[in-house]
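Listed below are the residues making up each chain.
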Amino acid sequence: MRRFLFFVFAWCLPSGLAAQPQRLQIVLCIGQSNMAGRGAFDAAARDTLPGVFLFNADGCFEPAVEPLNRHSSVRKELSMQRVGPAGSFAAAFAAATGRPVGLVVNARGGSSIGEWTGSDGRLLDSALVRLRAAQEWGDVVAVLWHQGEADARHPERYEARLRELVGRLRAEVGDPQLPFVFGEIARWNWTGRPEGTEPFNAMLRALRLPYAACVSSEGLAPMRDETDPHFSAAGQRELGARYAAALLRLLSENQQKNQRQYEPVKTF
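Residues numbered from 1 in each chain as written. Predicted model: local features only at pLDDT ≥ 70, side-chain atom pairs only at ≥ 80, totals over all residues. Heavy atoms only, no water.

K.L.:
Hey, could you go over the pairing of strand E7 (residues 212-215) for me, with residue numbers and the actual values?
P.N.:
As judged from the four bridges shared by strand E6 (residues 180-183) and E7, these two strands associate in the parallel manner. Directly across from Val 181, in E7, lies its bridge partner Ala 213. For the crossover that starts at E6, traverses helix H6 (residues 198-206) and ends in the parallel E7, the hand is right-handed. (Pairing = 2+ DSSP bridges. Helix = DSSP H or I, 4+ residues; strand = E, 2+ residues; numbered from the N terminus. Right-handed = clockwise from strand over helix to strand, strands pointing away.)

K.L.:
Could you give an account of the sheet that holds E6, naming the residues involved and the relevant values?
P.N.:
Taking strand neighbours across the sheet as the criterion, the seven strands line up as E3-E2-E4-E1-E5-E6-E7 in an open arrangement whose pairing is mixed. Of all the strands in the sheet, the pair left with one neighbour each is strand E3 (61-63) and E7. Averaged over neighbouring strand pairs, the angle between their axes works out to 30° when direction is ignored. Contacting strand E1 (24-31), strand E2 (52-55), strand E4 (101-105) and strand E5 (138-146), helix H3 (residues 86-97) runs over the sheet at an angle of about 160° to E4. (Axes fitted to C-alpha atoms, helices over the stretch in contact; angles between N-to-C directions. Contact = heavy atoms within 4.5 Å.)

K.L.:
Can you tell me about the pattern of salt bridges, naming the residues and giving the values?
P.N.:
Throughout the structure, instances matching the rule amount to 14 salt bridges. In this structure, Arg 205 and Glu 184 form a salt bridge, with 2.9 Å as the shortest nitrogen-oxygen distance. Highlighted residues: Arg 205 in helix H6 and Glu 184 in the loop between E6 and H6, separated in sequence by 21 residues. Of the residues examined, Glu 184 reaches a relative accessible area of 1% and is grouped as buried. A salt bridge links Arg 187 to Glu 218; its shortest N-O distance comes to 3.8 Å. Pair noted here: Arg 187 is in the loop between E6 and H6 and Glu 218 is in the loop between E7 and helix H7 (233-261), with a separation of 31 residues, a long-range link. Through salt bridges with shared partners, one network takes in Glu 184, Arg 187, Glu 198, Arg 205 and Glu 218. (Salt bridge = Lys/Arg side-chain N within 4 Å of Asp/Glu carboxyl O. Buried < 20%, exposed > 50% of the residue type's maximum accessible area, 1.4 Å probe, protein only.)

K.L.:
Describe the packing of aromatic side chains, and please don't skip the residues or the numbers.
P.N.:
In this structure the tally under the stated criterion is eight aromatic pairs. Ring geometry for Trp 116 against Trp 145: centres 5.5 Å apart, planes inclined by 90°, an arrangement best described as edge-to-face. In this pair, Trp 116 sits in the loop between E4 and helix H4 (122-134) while Trp 145 sits in strand E5, placing the two residues 29 residues apart along the sequence. On the basis of an interplanar angle of 85° and a centroid distance of 5.7 Å, the ring pair of Trp 188 and Phe 231 is categorised as edge-to-face. Here Trp 188 is found in the loop between E6 and H6, whereas its partner Phe 231 is found in the loop between E7 and H7, with 43 residues between them in sequence. Each member of the pair, Trp 188 together with Phe 231, is buried. An aromatic cluster of three or more residues is present, and its members are Phe 55, Phe 61 and Trp 137. (Phe/Tyr/Trp six-rings, centres within 6.5 Å; stacked < 30°, edge-to-face > 60°.)

K.L.:
I'd love a proper account of the pairing of E5, names of residues and values included.
P.N.:
In terms of residue burial, E5 counts as a mostly covered element, since eight of its nine residues are buried. Inspection of the sheet shows E1 paired to E5 by eight bridges, in the parallel sense. Along E5, the bridge assignment pairs Gln 25 with Asp 139.

K.L.:
I'd like a rundown of the environment of Leu 207, residues and numbers included.
P.N.:
For Leu 207, the position within the fold is in the loop between H6 and E7. Linking Leu 207 and Leu 162, residues 45 residues apart in sequence, is a C-alpha distance of 9.8 Å. In contact with Leu 207, other than residues within four places in its own chain, are Glu 159, Leu 162 and Phe 182.

K.L.:
Account for the environment of Leu 165, naming residues and giving values.
P.N.:
Turning to its location among the elements, Leu 165 is positioned in helix H5 (residues 158-173). Judged by relative accessible area, Leu 165 falls into the buried class, the value being 1%. As a C-alpha pair, Leu 165 and Gly 114 span 51 residues in sequence and 10.0 Å in three-dimensional space. Once you skip the residues sitting within four places of it in the chain, Leu 165 turns out to touch Trp 116, Thr 117, Leu 124, Trp 145 and Phe 180.

K.L.:
Talk me through H6; I want residue IDs and the actual numbers.
P.N.:
Within H6 the residues assigned to the buried category are Phe 200, Asn 201, Met 203 and Leu 204. When H6 is viewed along its axis, its buried side chains cluster within an angular range of 155° and face the same direction. In this fold, the buried residues of H6 make contact with H5, E6 and E7. (Arc of directions from axis to C-beta.)

K.L.:
Describe in detail unusual backbone geometry, supporting the description with residues and values.
P.N.:
For the bond running from Glu 66 to Pro 67, omega is 0°, close enough to zero to count as cis. Residue placement: Pro 67 occurs in the loop between E3 and H3. For Tyr 211, which is not glycine, the phi dihedral falls at a positive 55°. Of note, Tyr 211 is situated in the loop between H6 and E7.

Structure follows, in C-alpha cells:
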C-alpha cells in the first residue's frame, strides 16, 4: 500500500522534485450532462478506480473516485455530479494497456455544441486550460465527447461544428491523428417529438471523421423513465466500456497504418 501511495502522490509534487515512475495516458472527457454524470450513486461508486487518476482543482492528479466531474471548471452545482461513463472507460483502458490513466473531466450539463465551438467556445477554452496544465504529467492519448441532447432537434447543424471542435482539439495537442471518440445520445424518445432522437443518432453514425469512432447507445437504460435523457448508472458504465473498446480499436488501427506507411521497400 505504501508503494502505491508514493506512486500516486509523486505526480502531485512540483516538477523536478520527484522521479515520475510512469507517465500518464491523459484523456480529456467533455460534453454535457451524460458525460458529467447523472447516474445514481451506488455501492460501486464509492470505490477508487484502479489505475485511474483524476486531475483536480489544485493542478495535480488524485486517485479517481466518482463523481469524476467534481473538479470541472464549468460544471453545475456539485450535488448534480454523479456516475458517468468516464470511470468505467478509464478502468477498462488502464487494464487493457497496463498503464495508468489520467482523466481531465470538464463537462457542463445542458450545454449546446455552440457553447463549445466558434466565437462562443468558452467551454472548450476552459477545458483546454486544464488540459495544458495536466500535460506536465503525461501525454494526451484521446478525447471523449458525449453531447447532443441540447442539439437533438437540429442534426443538420451539428456536423460542421463537431468537425470544428475536433480540428481545434487536434491543433491544440499538436496531433492530427489524436483519437476522438463520441457517443450516441439515448435512443428512447425522451424528446416528445414524433421523430425522437433517431435522426440525430443516425447523423452521428454516418459521420466520417478521420481517426474517430462513434459509440452506440443501443440497449442502455434510462436513469428514471423514458422522459429522461440520462442513462442509468449501469448504462453509464456500459457506455464507458464501449468507449474503451472503441479507443483501443482506433489506437490499434492507427498503429497498423503508421507501420505500413514506414515499411521499408522490399527488394527481390
